[in-house]
Amino acid sequence: MTDKKTFTGITRRDAMAGALGTAAMAFAVPGLAHTPGRKPNFLFIMADDLGYADLSCYGRRDYTTPVLDSLAAQGMKFTHGYANSAVCSSTRVGLITGRYQYRLPVGLEEPLENPDLGLEPGLPTLPSLLKAQGYHTALVGKWHLGRLPNFGPLKSGYDEFWGNRGGGVDYYTHRVGGNEDLWDGEVQIEEVGYYTDLLADRSIRYLEDRAAQPDKPWLLSLHFTAPHWPWEANDALGRSESARLAELPSGSDLDIVHFDGGTQETYAGMVTSMDMNIGRILNRVAELGMEQDTVVVFTSDNGGERFSDTWPFSGRKTELLEGGIRVPFIVKWPGLTAPGSTSEAPAMSMDFLPTFLAAAGGSAPSATPFDGIDFRPALAGRAMPERTLFWRYWNKDQKAVRRGRHKYLKMGSNEFLFDVVADPLERGNLKDRMPELFAELKQAHAEWNADMLFDPNARSYGFEPRMFPDRYDWNE
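Residues numbered from 1 in each chain as written. Predicted model: local features only at pLDDT ≥ 70, side-chain atom pairs only at ≥ 80, totals over all residues. Heavy atoms only, no water.

### Section: the sheet that holds strand β2 (residues 76-78)
Moving on, step 1. Here 10 strands make up an open sheet; going across it, the order is β9-β8-β5-β4-β10-β1-β11-β12-β2-β13 and the pairing mixed. Each edge of the open sheet is held by one strand with a lone partner, namely β9 (187-188) and β13 (341-343).
Moving on, step 2. Bridging between strand β11 (residues 294-300) and strand β12 (residues 329-332) involves four bridges; their strand directions are antiparallel. Bridge pairing links Val296 to Lys332 in β12.
Moving on, step 3. Along the sheet face, helix α2 (residues 66-74) touches β2, β11 and β12 and points at about 60 degrees away from the line of β12.
Moving on, step 4. Along the sheet face, helix α9 (residues 352-359) touches β1 (41-47), β11 and β12 and points at about 170 degrees away from the line of β1. (Pairing = 2+ DSSP bridges. Helix = DSSP H or I, 4+ residues; strand = E, 2+ residues; numbered from the N terminus. Contact = heavy atoms within 4.5 Å. Axes fitted to C-alpha atoms, helices over the stretch in contact; angles between N-to-C directions.)

### A word on the nonpolar core
Moving on, step 1. Membership of the largest hydrophobic core comes to 96 residues, with the highest contact counts inside it found for Phe42, Leu43, Phe78, Ile278, Phe298 and Phe352.
Moving on, step 2. For this core, the leading source of residues is helix α7 (residues 264-287), giving nine residues.
Moving on, step 3. Residues Met350, Met411, Trp448 and Ala458 belong to the second largest nonpolar core, which totals 31 residues. (Core = buried A, V, L, I, M, F, W, Y, C linked by side-chain atoms within 4.5 Å. Buried < 20%, exposed > 50% of the residue type's maximum accessible area, 1.4 Å probe, protein only.)

### Observations regarding the packing of aromatic side chains
Moving on, step 1. Summed over all chains, the structure comprises 30 aromatic pairs.
Moving on, step 2. Ring plane angle 80 degrees and centroid distance 5.7 Å describe the contact between Phe78 and Phe375, whose orientation is recorded as edge-to-face. Separated by 297 residues along the polypeptide, Phe78 in strand β2 and Phe375 in the loop between α9 and α10 (376-379) bring together distant segments of the chain.
Moving on, step 3. Judged by relative accessible area, Phe78 falls into the buried class, the value being 0%.
Moving on, step 4. Here Tyr82 and Trp391 contribute two aromatic rings whose centre-to-centre distance is 5.0 Å and whose plane-to-plane angle is 55 degrees, an arrangement assigned as tilted. Separated by 309 residues along the polypeptide, Tyr82 in strand β3 (residues 81-82) and Trp391 in strand β15 (residues 388-393) bring together distant segments of the chain.
Moving on, step 5. Classification of Tyr82 as buried rests on a relative accessible area of 0%. (Phe/Tyr/Trp six-rings, centres within 6.5 Å; stacked < 30°, edge-to-face > 60°.)

### Comments concerning the sheet that holds strand β17 (residues 406-411)
Moving on, step 1. Strand order in the open sheet formed by four strands is β15-β16-β17-β18, and the pairing between neighbours is antiparallel. Both outer strands of the open sheet, β15 and β18 (414-419), are each paired with one neighbouring strand and no more. Going across the sheet, the axis of each strand differs from the next one's by a mean of 10 degrees, ignoring polarity.
Moving on, step 2. Strand direction decides the pairing type here: strand β16 (residues 398-403) and β17, joined by five bridges, are antiparallel. Across the sheet, the residue bridging to Val401 is Tyr408, located in β17.

### With respect to the environment of Ala450
Moving on, step 1. Mapped onto the elements, Ala450 comes out in the segment after α11 (435-449).
Moving on, step 2. A C-alpha to C-alpha distance of 33 Å links Ala450 and Phe298, two positions 152 residues apart in sequence.

### Notes on the packing of α2 against α7
A pair of packed helices is characterised by two quantities: the angle between their axes and the separation of those axes.
Moving on, step 1. At a minimum axis distance of 7 Å, the contact between α2 and α7 shows a crossing angle of 55 degrees. Considering the angle they form, α2 stands oblique to α7. Taking contact as the criterion, the partners of Pro66, Val67, Leu68 and Leu71 in α2 are, on α7, Asp275, Ile278, Gly279 and Leu282.
Moving on, step 2. Its residues assigned to classes, the contact of α2 with α7 comprises six nonpolar, one polar and one charged. (Parallel < 35°, antiparallel > 145°, perpendicular 65-115°, else oblique. Nonpolar A, V, L, I, M, F, W, Y, C, P; charged D, E, K, R; others polar.)

### Section: the confidence of the model for the protein
Moving on, step 1. This prediction gives the protein a mean pLDDT of 91; 91% of its residues lie at or above 70.
Moving on, step 2. Considering only residues more than four positions removed or in separate chains, one finds that residues 1-31, a stretch of pLDDT under 50, has 60 contacts. (pLDDT = per-residue confidence, 0-100.)

See below:
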């Protein structure tokens, strides 16, 4: 793959060199111990619809992601990292509240589309709780937790917001359904450029502003839309595809969700552009002298979609098979994670809030206790107590429980018990060989689910045979 200039003038080779140089420094000074007595900064980076094996350090074969591979080499790579849901907005509810999303009406939408629903202002959130501990907080990128005038990032704890409020935008026009969706705070704006580049540009500007107040810790939530549709890389073909989609009727099935578009090469371009831009950001963190005090996280909001690689799992976005919920999960924590380490501890999106808050010196609000946990012991390479994780997804009446190496799964009228360590493809159904464990996990889900909210009218999206030929057997 040849190097291509972005709008900022940096090449992919430049980003690779800078990231690999940072990796070398991390190995020379193991853990890059943070400044004693200073609260850590948090750079939380979330991709959109990125599958488990869509990074080369997780197994992607047809392109490479050197920056994120380098980040994994500097920190810890989780092999059992999970998203809270198989779709985006539901996971984002779990992430920002530290709780199962099914405890809130907004979390029942899969994904959020109802204009009357959103994350209620005043709820304890990741940014609001860190803000109470003295942090400056910003969201750059995707919000997707409710529309103005009732809902928004600035109403839920972020000091700054720059990005899109909905689920996705065209990478060039920054529109969806014919409507522009690019905002600076609560002011709609227009910008020229490839969206992934623009998000990196804004993130770098934020970091430079924070460097002017070196004693004040910060949280930057950088939520890319890549590699979510529309299928547009940062090249001439991507610009042409954007122009074609702009001419389609608004609300068409072939709007930016276009099922007639995309290729593996386009997808590679979208992911590698995100990787390169993350390199730009990490290089700036280092140049500003903030690296040793900054925790860097990279993950995805759910499993991969149509061009994704989820090997060694089956399933995809909207499904509770491992491929729909197991995601890349990388943490570099100076002074805590050992360079090049790997963890098999199950961890989940909702764990980041209690972990960050505890490190910042805060505690969970008594009225809304966390479902997530502080997983710093795992980050330090220590064993974690066994825990039980739960999911549900209304489309196809899906349910899942993970405890130890075993997983209960219900899809439609079919039920399964899998050993997802020995059988990550979820092929060998053990429910008749291990009936007691099957019944135990099924009952555990029923008891957990009884404490969650339920709305039979909530939207729950699923792929249909007309969209993908491998959905041929989903006729229930």
